[in-house]
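# Inside the fold
Listed below are the residues making up each chain.
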Amino acid sequence: MRALMFALFIIPLPTWAQDPGELALVKKVFAKLQPISIRANREYCGYIGYDRSGKLVASKAWRGGKDSCQAGDPVNLETVIASYHTHGAFSSRYANEVPSGDDMETDEIEGVDGWVATPGGRLWYIDTQDMVTSQICGIGCLPMDAKFREGDMGRIAPSYHYDQLIEKLLTFD
């Protein structure tokens, strides 16, 4: 029992979005964006939040570069609660099956949580309160790149604390 209690403090536990409609909206956004992002090999990004009428909506998606994206001002949102972005096409040169340290840091600075879609079709949620990212669903959960090679990054854990993620990314290089 003591080992179990110790393990609960060491292993990051999955965190989830507060609004059940948020996950459905995010999956809908990524179902549309993933094929475009993969085909263009560019990240696409935006925000999730509430409009003036209190409805949960996504902002316009902005086209970024191969390894970054900066969304413009979400004019249709009264309150922003999360960012979202894709990771483009599969490449064995990028650690793109997990969120990056920059992904987590940027969300933390902006004061929002985040959603990340990977070329393998994984969906990640970034909880900036605890600085933990959790895999909400695995390979093929979202549209995926046909060129994706499972195992390219080694074992992918179900969640990572920020420091663990940085360690994982350093071992990929």
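One can find the structure itself at the top, above this paragraph.
Figured I'd write up the structure that's included with this text. If you're wondering where the values come from, they're calculated on a predicted model, not measured in any experiment.

### Describing helix 2 (residues 20-40)
- With 21 residues, helix 2 extends 31 Å from end C-alpha to end C-alpha; this agrees with the ideal 30 Å at 1.5 Å per step.
- Of all the bends in helix 2, the largest measures some 35° and sits at Leu33, one to four residues before the proline Pro35.
- Of all the positions in helix 2, only Glu22, Leu25, Val26, Val29, Phe30, Leu33, Gln34, Ser37 and Ile38 are classed as buried.
- Structurally, helix 2 contributes buried residues whose contacts are with strand 1 (44-50), strand 2 (56-58), strand 4 (79-86), strand 5 (113-117) and strand 6 (123-127).
- After helix 2 finishes, the residue Asn41 shows a positive phi value of roughly 50°.

### A few points about the state of the cysteines
- Counted under the stated rule, the structure contains two disulfides.
- Disulfide pairing places Cys137 opposite Cys141 at an S-S distance of 1.8 Å. With the S-S bond torsion at -55°, the cross-link from Cys137 to Cys141 turns out left-handed.
- According to the relative accessible area criterion, Cys137 is buried, its value standing at 14%.
- Residue classification places Cys141 among the partly exposed residues on the basis of a relative accessible area of 28%.
- Taking only the cysteines that form disulfides and numbering them from first to last, the chain has the pattern 1-2, 3-4.

Cut-offs and rules
Residues numbered from 1 in each chain as written. Predicted model: local features only at pLDDT ≥ 70, side-chain atom pairs only at ≥ 80, totals over all residues. Heavy atoms only, no water. Helix = DSSP H or I, 4+ residues; strand = E, 2+ residues; numbered from the N terminus. Expected span 1.5 Å × (residues − 1). Bend = angle between axes of the 7 residues up to and from the residue. Buried < 20%, exposed > 50% of the residue type's maximum accessible area, 1.4 Å probe, protein only. Contact = heavy atoms within 4.5 Å. Disulfide = S-S within 2.5 Å.

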